[in-house]
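Below are the chains, spelled out letter by letter.
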Amino acid sequence: MKKPIMLIALVAGLFFACKHQVVNPDDSGSGGGNNNGGGTDTTGTGGGTGGSSLVCFEGDILPLFQSGCAISGCHDSKTKAEGYVFDTYANITKKGVKPGNPDASKILQVIKSGEMPPKGYTDFTADQISLISKWIEEGAQNTTNCAGCDSAVFSYSGAVAPIMTTNCTGCHSGTNASGGINLSTYAGVKTVALNGRLMGAINKAPGYIAMPPSGTLSDCNIQQLQKWIDAGTPNN
């Protein structure tokens, strides 16, 4: 009787061993077959969520192009200088961007040369150029719903200044600051914050020129600005 019992045990052991091996046939040990942690979204229609390390197009790249390039008389939807419009993902990637190859991307070359933003406006910083280059190198993906924002943070240095730099100073800085409003300094931001023009424009209220002209700040960013103003616009 010992041999039949041993044979049954052996067969059962093999069955469960095989069953365990095929639970995740595509598991390579690096996040499995999904894009929620270990994979990379290459569809160009999403990504950047769930803790992805990809550059966030929606939160970090689009505002730079809208503020520094989609300027009236330059690369906005009306002027279309040299056939370029920099107001949406589709238009930005239509030409001049070689996904995966920053060095061959004409847009990046022009930015690095200082030709864009236009003369009289503040150039992109080295960090901003590096971010655009990294975005292209990663495949110039349309990563959305990925911008990190904490409305509990509303200091000038921790929230307000970065919001201005990313979304506003492309137009409102330098010798050609639009409307004579310079938002690259604390004094300039404080002035329009206290007279109501900042929130009026950002909330696109009647009687104000909507800002940013080619986009909209996130609800979290708007909350941060309003909390800073309610706190007395401190230079903190």
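Because the structure is predicted, anything quoted here is derived from the model rather than measured.

(A) Looking closely at the packing of aromatic side chains. The final tally for this structure, using the stated rule, is 7 aromatic pairs. For the pair F57 and Y89, a centre-to-centre distance of 5.1 Å together with 85° between the ring planes defines the contact as edge-to-face. In this pair, F57 is assigned in helix α2 (residues 57–68) and Y89 in helix α3 (residues 89–92), connecting sequence segments 32 residues apart. Aromatic side chains Y186 and W228 sit 6.5 Å apart centroid to centroid with 75° between the ring planes, which places their arrangement in the edge-to-face category. You can see Y186 sitting in helix α7 (residues 186–194) and its partner W228 sitting in helix α9 (residues 219–230), a full 42 residues away along the chain. Taking the relative accessible area as the measure of exposure, W228 reaches 0% and is therefore buried. Site record: aromatic cluster; members linked through ring pairs are F57, Y89 and W135.

(B) Layout of the confidence of the model for the protein chain. For the protein chain, per-residue confidence averages 79 on the pLDDT scale, and 78% of positions sit at 70 or higher. Within the protein chain, helix α1 (residues 2–21) has the poorest average pLDDT of any element, 38, and α7 the best, 97. Below a pLDDT of 50 lies the segment residues 1–51, which in the model reaches 31 contacts outside its immediate sequence neighbourhood of four places, other chains included.

(C) Expanded view of the nonpolar core. F65, F86, I107, I111, I132 and W135 are the most contacted members of the largest nonpolar core, which totals 23 residues. Sort the elements by how many residues they give to this core and α2 lands first, with 5 residues. What I107 contacts, discounting residues up to four positions off in sequence, is F65, Y84, F86, I92, K95, G96, V97 and M116. With 18 residues, the next largest nonpolar core counts V160, C168, W228 and I229 among its residues.

(D) Seen up close, the environment of S184. If you trace the backbone, S184 turns up in the loop between α6 (156–167) and α7. For S184, a relative accessible area of 43% translates into the label partly exposed. Spatially, the C-alpha atom of S184 lies 7.7 Å from that of A161, the residues being 23 residues apart in sequence. Within the local environment of S184, its side chain forms a polar contact with the side chain of N182, the two groups lying 2.5 Å apart.

(E) Looking closely at the layout of surface pockets. If you add up the space inside the largest pocket, you get close to 590 Å³. Lining the largest pocket are 25 residues, and of these G59, A147, N167, S218 and N221 lie nearest its centre. Reported here for the second largest pocket is a volume of approximately 280 Å³. Considering the residues around the second largest pocket, the lining is formed by 14 residues, among which H172, I181, R197, A201 and M211 are closest to the centre. Residue contributions to the lining of the second largest pocket peak at 4 residues, all from helix α8 (residues 197–202). Looking at side-chain class alone, the lining of the second largest pocket contains 10 nonpolar, 3 polar and 1 charged residues.

(F) Up close: helix α5 (residues 126–137). Spanning 12 residues, α5 covers 16 Å between terminal C-alpha atoms, matching the ideal 16 Å at 1.5 Å per step. For α5, the elements touching its buried residues are α2, α3, α4 (106–113) and α6. Positive phi shows up at G139, right after α5, with a value of about 110°.

(G) Focus on the state of the cysteines. For the structure on display, the rule yields 2 disulfides. Through a disulfide, C56 is tied to C146; the S-S separation comes to 2.1 Å. Between C56 and C146 the disulfide shows an S-S torsion of about 85°. By sign, it is right-handed. Here C146 lies in the loop between α5 and α6 and C56 lies in the loop between α1 and α2, a separation of 90 residues in the sequence. Looking at C146, the relative accessible area reads 19%, which means it is buried. Residue C149 pairs covalently with C220 via a disulfide, S to S 1.9 Å. Residues C149 and C220 are joined through a disulfide that is left-handed, its torsion about the S-S bond being -85°.

(H) A look at unusual backbone geometry. Cis geometry marks the peptide bond from M116 to P117, where omega comes out at 0°. In this fold, P117 is placed in the loop between α4 and α5. For the bond from M211 to P212, the omega torsion is -10°, close enough to zero to count as cis. By secondary structure assignment, the location of P212 is in the loop between α8 and α9. Unlike most non-glycine residues, A140 shows phi in positive territory, near 50°. Tracing the sequence through the fold places A140 in the loop between α5 and α6. Classification of A140 by relative accessible area gives buried; the value is 1%. Its identity is not glycine, yet N145 carries a phi of approximately 55°, on the positive side. By secondary structure assignment, the location of N145 is in the loop between α5 and α6.

Here is what the cut-offs are and how they apply
- Residues numbered from 1 in each chain as written.
- Predicted model: local features only at pLDDT ≥ 70, side-chain atom pairs only at ≥ 80, totals over all residues.
- Heavy atoms only, no water.
- Phe/Tyr/Trp six-rings, centres within 6.5 Å; stacked < 30°, edge-to-face > 60°.
- Helix = DSSP H or I, 4+ residues; strand = E, 2+ residues; numbered from the N terminus.
- Buried < 20%, exposed > 50% of the residue type's maximum accessible area, 1.4 Å probe, protein only.
- pLDDT = per-residue confidence, 0-100.
- Contact = heavy atoms within 4.5 Å.
- Core = buried A, V, L, I, M, F, W, Y, C linked by side-chain atoms within 4.5 Å.
- Polar contact = N/O pair within 3.5 Å; in protein donor to acceptor, adjacent residues only side chain to side chain.
- 1 Å grid on protein atoms, 1.4 Å probe; cavity = no way out; pocket = protein on both sides within 12 Å on 5 of 7 lines; lining within 4 Å.
- Points joined across faces, edges and corners; volume = space filled by probe spheres on them.
- Nonpolar A, V, L, I, M, F, W, Y, C, P; charged D, E, K, R; others polar.
- Expected span 1.5 Å × (residues − 1).
- Disulfide = S-S within 2.5 Å.

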